[in-house]
Amino acid sequence: MIKSVITLLFAFGTIAVFAQAQTNISGHINGEISSKSIVADTIFFTHGPLDDKYYTNGLASSPLKANHYIIDNNLPYPQMYKIYFASDKNILVWRKGLYFVDATTTSIQTNYLADNCSLVNGITAGEYQNRFIPFATKGVPYDCKSEYLSDLFYNNDYKVDSLLLKYVPQNRSSYVALWLLAGRFSSFGQSALRQQTLVEFSAEIKSGRLWKTLDEDFKNSKIKENETFPQIDLKTLDLIATKLVLPKAKYTLIDFWFARCRPCLDTIPALKKLYAGYQHKGFEIVSISVDETVNVPIWQRRVKEHGLTWPQYLEENNFRINELGIKSFPTFILLNSDGKVIWKDFDLDDLDVFLKKNM
């Protein structure tokens with residue numbers, strides 16, 4: 001397997017170098033599906049979790065016959081896609097592989113059974129395969145059947161942002177890094193590390209649509225590290241309208257969740273343990289549910305069933321939270337005694353270590 005992966009990377013490097021000297025004269029991409037025989041289906045290129053505004057003149061969809069398809073390629077700048085098939089309906093929202101496509105891309109080979117083993121030719125895809133993957137895996141041969149990279153950028157670990165911050169100064173014109181940064185922002189919002197990474201790109205990248213759009217989104221973020229957490233309109237557990245009131249504490253944990261969120265419910269024992277261990281030292285928790293109206297009774301029941309004694313608020317139907325850029329749950333944000341955001345993107349084990357050290 002290792003030999004085949006190394007061979008694949010060398011082969012892909014050859015394709016990428018060749019692509020740099022070429023332009024997509026035909027204006028279309030020849031697509032092929034491998035590892036499964038498909039008589040007829042439809043392939044869709046999707047933005048995944050990213051906002052449509054980052055894209056223009058994007059790829060769309062194409063009928064798939066006998067494992068082949070052709071799709072127009074009129075991309076004005078490199079773009080990142082995920083795919084899914086019509087036959088994936090009610091099974092998958094989108095598949096895990098990343099597809100970096102640009103004006104030099106003329107072929108895509110999708111491995112139906114191993115998304116990350118799919119091959120895209122062209123300059124941007126060549127960078128992803130030959131430069132970024134070795135950097136991200138620290139030079140260790142990467143098994144494309146592993147889901148390591150697919151899962152990495154949906155992990156809120158700060159180490160992922162540190163990786164991008166180290167990569168960009170060495171690759172300032174990298175659309176691969178810029179798209180991955182856009183994905184991090186779309187999933188987890190602004191952070192000091194992500195903000196710093198955005199600044200590191202070249203003047204050429206900064207003049208483009210994608211960087212400018214992302215920069216504007218960073219500037220308009222409602223929740224920013226080192227700035228005061230916004231005061232928002234909420235409801236109490238008894239559904240009385242109120243403003244968010246932060247407790248007087250050395251540190252306050254803001255916990256965004258909802259009643260049917262299994263990962264959220266799984267964190268409750270750890271939250272209770274932290275509260276019992278540090279509340280008397282000046283640590284508080286404020287939970288904000290984003291439940292839809294139909295699930296409000298379930299939220300109220302969950303609070304009582306689990307004996308949650310710290311302040312509980314409701315942001316009904318999630319509208320305000322969308323404005324705040326909270327898109328993954330649970331999301332934890334730590335505030336200091338002045339109500340300023342001092343930490344985002346951490347898990348409760350990290351928080352326990354922090355509280356032990358600082359309290």
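Everything numeric in this text was worked out from a predicted model, so none of it was measured. (Residues numbered from 1 in each chain as written. Predicted model: local features only at pLDDT ≥ 70, side-chain atom pairs only at ≥ 80, totals over all residues. Heavy atoms only, no water.)

Caption draft 1: Broad picture of the packing of helix H2 (residues 123-136) against helix H5 (residues 175-188). Where H2 meets H5, the closest approach of the two axes is 9 Å, and the angle between their N-to-C directions is 85 degrees. Relative to H5, the element H2 lies roughly perpendicular. Across from Thr124, Glu127, Tyr128 and Phe132 in H2, the residues of H5 making contact are Tyr175, Val176 and Leu180. Grouping the constituent residues of the contact of H2 with H5 by class yields five nonpolar, one polar and one charged. (Axes fitted to C-alpha atoms, helices over the stretch in contact; angles between N-to-C directions. Helix = DSSP H or I, 4+ residues; strand = E, 2+ residues; numbered from the N terminus. Parallel < 35°, antiparallel > 145°, perpendicular 65-115°, else oblique. Contact = heavy atoms within 4.5 Å. Nonpolar A, V, L, I, M, F, W, Y, C, P; charged D, E, K, R; others polar.)

Caption draft 2: Fine view of the side chain of Glu316. Within the fold, Glu316 resides in the loop between strand E13 (312-314) and helix H12 (319-324). Taking relative accessible area as the criterion, Glu316 reaches 18% and is therefore assigned buried. In terms of polar contacts, Glu316 uses its side chain to reach the side chain of Lys235, at 2.6 Å. Within the structure, Glu316 has its side chain in polar contact with the side chain of Thr293 (distance 2.7 Å). (Buried < 20%, exposed > 50% of the residue type's maximum accessible area, 1.4 Å probe, protein only. Polar contact = N/O pair within 3.5 Å; in protein donor to acceptor, adjacent residues only side chain to side chain.)

Caption draft 3: Quick look at the state of the cysteines. Under the counting rule described, the total for this entry stands at two disulfides. Note on cysteine connectivity: Cys117 is disulfide-linked to Cys144, with sulfurs 2.0 Å apart. Judged by the sign of its S-S torsion, about 90 degrees, the bond between Cys117 and Cys144 is right-handed. In this pair, Cys117 is assigned in the loop between strand E7 (107-111) and strand E8 (119-120) and Cys144 in the loop between H2 and helix H3 (148-152), connecting sequence segments 27 residues apart. For the pair formed by Cys117 and Cys144, the shared burial category is buried. Listing the disulfide partners of the protein chain by sequence rank of the bonded cysteines yields 1-2, 3-4. (Disulfide = S-S within 2.5 Å.)

Caption draft 4: Representation of the packing of H5 against helix H6 (residues 192-199). Running from amino to carboxyl end, H5 crosses H6 at an angle of 150 degrees, the nearest separation of the two axes being 11 Å. In terms of axis orientation, H5 runs roughly antiparallel to H6. Both H5 and H6 take part in a crossing whose hand is left-handed. The residues of H6 that touch H5, namely those facing Leu178, Leu181, Arg184, Phe185 and Phe188, are Arg194, Thr197 and Leu198. Class assignment of the residues belonging to the contact of H5 with H6 gives a composition of five nonpolar, one polar and two charged. (Left-handed = near helix turned anticlockwise from the far one by under 90°.)

Caption draft 5: Spotlight on the confidence of the model for the protein chain. Taken over all residues, the pLDDT of the protein chain has a mean of 90, while the share at 70 or more is 92%. Here residues 1-21 is modelled with pLDDT under 50, and outside its nearest four sequence neighbours on either side it reaches 25 contacts, counting other chains as well. (pLDDT = per-residue confidence, 0-100.)

Caption draft 6: Up close: the pairing of strand E4 (residues 68-72). The alternating pattern of E4 places Tyr69 and Ile71 on a buried face and His68, Ile70 and Asp72 on a face that is not buried. Summarising the sheet, strand E1 (residues 28-34) and E4 pair through five bridges and their orientation is antiparallel. Following the sheet pairing, Glu32 is matched in E4 by His68. (Pairing = 2+ DSSP bridges.)

Caption draft 7: Main features of H5. Helix length check: H5 (14 residues) gives 20 Å between terminal C-alpha atoms against 20 Å at 1.5 Å per residue, within 8%. Most of H5 is tucked away, with 14 of its 14 residues classed as buried. The backbone nitrogen of Val176 has a side-chain oxygen 3.3 Å away, supplied by the residue at the start of H5, namely Ser174. Two residues or fewer past H5, Gly189 is found with a positive phi of approximately 80 degrees. (Expected span 1.5 Å × (residues − 1).)

Caption draft 8: Layout of the nonpolar core. The biggest cluster of nonpolar side chains holds 58 residues, and the ones touching the most others in it are Phe132 and Trp179. Considering every element that reaches this core, the biggest residue donor is H5, with nine residues. Apart from residues lying up to four places away in sequence, Phe132 is in contact with Glu127, Phe153, Leu163, Leu164, Tyr167, Val176 and Leu180. Formed by 44 residues, the second largest nonpolar core is a distinct cluster that contains Leu234, Trp257, Tyr313 and Leu355. (Core = buried A, V, L, I, M, F, W, Y, C linked by side-chain atoms within 4.5 Å.)

Caption draft 9: Representation of the pattern of salt bridges. This structure, assessed with the given rule, holds 14 salt bridges. For Arg172, the salt bridge goes to Glu200, with nearest N and O atoms at 2.9 Å. One end of the pair, Arg172, is in the loop between helix H4 (158-167) and H5; the other, Glu200, is in the loop between H6 and helix H7 (203-206), and 28 residues separate them in sequence. A relative accessible area of 37% means that Arg172 is categorised as partly exposed. (Salt bridge = Lys/Arg side-chain N within 4 Å of Asp/Glu carboxyl O.)

Caption draft 10: Region of the structure containing unusual backbone geometry. Residues Phe329 and Pro330 are joined by a peptide bond in cis, for which omega reads 0 degrees. In this structure, Ser35 is a non-glycine residue whose phi angle is positive, near 75 degrees. Tracing the backbone through its elements, the reader meets Ser35 in the loop between E1 and strand E2 (40-46). Within the chain, Asn67 stands out as a residue other than glycine whose phi angle is a positive 70 degrees. With respect to the helices and strands, Asn67 occurs in the loop between strand E3 (61-65) and E4.

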